[in-house]
Amino acid sequence: MDVLKRALSCPKAELHVHIEGTLEPELAFALAQRNNIAFPHASVEALRAAYDFSDLQSFLDLYYACADVLRTEQDFSDLMLAYLRRAREDNVVHAEIFFDPQTHTPRGVSFETVLKGLEAGAAIAAAEWGMSTRLILCFLRHLSEEDAFATLELALPFIDRIHGFGLDSSEVGHPPSKFERVFAKCRALGKPVVAHAGEEGPPAYIVEALDLLKVSRIDHGVRAVEDAALTHRLAHDRIALTVCPLSNVRLCVFEKMELHSLPSMLAGGLCITINSDDPAYFGGYLGANIRAVQAAFAFDATTWREFFRNSFDASFVDEAQKEKWLAQVDAHMLALA
Ligand code: ADE
Ligand code: ZN
């Protein structure tokens, strides 16, 4: 079997996917119709044609606008189930999924509606296909600390159903330090925390995420290699980076895949995982990311095995479950045939 086929068919975990970023134009139009919402785009094709981003903000503007079609528990359930159905085709067996309550609650959609809907979709995928999921609540960093604290209050009645906390949205100008106190409270609740850092922002934001937020993973972190001391620290402490290659190219972090920092990250000994970020907007799900990376860099089977092992190793499941999946990765990637 060639390396690409073996990589695509390997069991894997996805650790960086925003559920709102899995909203395909077809589903967006169907939900707009179901909810009697006038959608500002003429057709599925017209909406897809608008996916021409110059940077993170140009994407976020459209992403938040499209999320307006999500109104009911059923909508969130349909969204989650559609993502998991698609992820399964890429042999994702476990997904740790971001959701952004602050994209919904100001529109009058309750926290409970969002959470119950997402859980309902995940429960169907668990029952039908044995898929494993975790939900990570992300705070929007362009909003205030006060708003994040208020969102955390909304989450408290459901805290046992939330597996971790994250930080996303417009990075530059909103450093991790802005949320130091919020994250201290999240950690005091016994939850692991992660943060987007070093996507568009400088390596110093990654340092802040480690030192002030005490994150156990860095989301993106592709600019880490600009700082040798930071690279050494991340490698030494085995902090996983959830890299999203197609996202980075579509948001112009790198001009083309061949210029992505992945090879430098590998050379720096970083713990890399490959993920899809907002697959409906960036040209594909995990399988498409793997294909694009392989077309650019032709990594060997050992490298892919390491990426997939990292995806389980850095996940929030218990050690026994990790061991089972790691053994499956090894069996798959090391098989002779
Ligand atoms: N929200 C959804 N996708 C994101 C990304 N790539 N960076 C920051 N916030 C996001
Ligand atoms: Zn992201």
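Residues numbered from 1 in each chain as written. Chains lettered and ligands numbered in written order. Predicted model: local features only at pLDDT ≥ 70, side-chain atom pairs only at ≥ 80, totals over all residues. Heavy atoms only, no water.

As annotated in an unreviewed UniProt entry, the protein chain carries the name Adenine deaminase and comes from Uliginosibacterium silvisoli. UniProt, in its Sequence similarities (unreviewed entry) section for the protein chain, records the words "Belongs to the metallo-dependent hydrolases superfamily. Adenosine and AMP deaminases family. Adenine deaminase type 2 subfamily." Recorded in UniProt under Catalytic activity (unreviewed entry), the annotation for the protein chain is "adenine + H2O + H(+) = hypoxanthine + NH4(+)". (UniProt positions renumbered as here; feature names shortened; annotations may be inferred.)

J.: Describe the packing of aromatic side chains, with residues and values.
T.: Going through the model one piece at a time under the given rule, you end up with 20 aromatic pairs. When the centroid spacing of 5.8 Å and the interplanar angle of 5° are considered together, the rings of Phe139 and Phe165 count as stacked. Of the two residues, Phe139 is situated in strand β3 (residues 132-140) and Phe165 in strand β4 (residues 164-168); the sequence distance between them amounts to 26 residues. Members of the aromatic cluster, joined through ring pairs, are Tyr51, Phe53, Phe59, Tyr63, Tyr64, Tyr281 and Phe282. The aromatic ring of Phe308 is capped on one face by Lys12, whose charged end is 5.2 Å from the ring centroid. Here the basic side chain of Arg217 rests over the ring of Phe316, its NZ or CZ set 4.1 Å away from the ring centre. (Phe/Tyr/Trp six-rings, centres within 6.5 Å; stacked < 30°, edge-to-face > 60°. Helix = DSSP H or I, 4+ residues; strand = E, 2+ residues; numbered from the N terminus. Lys NZ or Arg CZ within 6 Å of the ring centre and 35° of its normal.)

J.: Run through the sheet that holds β4, naming residues and quoting values.
T.: With parallel pairing, the 4 strands of this open sheet are ordered in space as β1-β2-β3-β4. Each edge of the sheet is formed by a strand with only one pairing partner; in this case those strands are β1 (12-18) and β4. Along the sheet, successive strands turn relative to each other by an average axial angle of 30°, direction set aside. Alignment of β1 against strand β2 (residues 92-99), held across 5 bridges, turns out to be parallel. (Pairing = 2+ DSSP bridges. Axes fitted to C-alpha atoms, helices over the stretch in contact; angles between N-to-C directions.)

J.: Tell me about the UniProt feature "active site" (unreviewed entry) in the protein chain, and please be specific about residues and values.
T.: According to UniProt, the feature "active site" (unreviewed entry) maps to Glu199 in the numbering used here. Note on placement: Glu199 falls in the loop between β5 (194-197) and α9 (203-213). Those residues in contact with Glu199 that sit more than four places away from it in its chain are Leu56, Glu171, His220, Val222, Arg223, Ser247, Asn248, Leu251, Val253 and Asp277. (Contact = heavy atoms within 4.5 Å.)

J.: Before we move on, can you summarise the UniProt feature "site: Important for catalytic activity" (unreviewed entry) in the protein chain with the specific residues and values?
T.: The sites that UniProt annotates as "site: Important for catalytic activity" (unreviewed entry) are His220. By the secondary structure assignment, His220 is in strand β6 (residues 217-220). Classification of His220 as buried rests on a relative accessible area of 0%. Separated by 3.2 Å, the side chains of His220 and Glu199 make a polar contact. (Buried < 20%, exposed > 50% of the residue type's maximum accessible area, 1.4 Å probe, protein only. Polar contact = N/O pair within 3.5 Å; in protein donor to acceptor, adjacent residues only side chain to side chain.)

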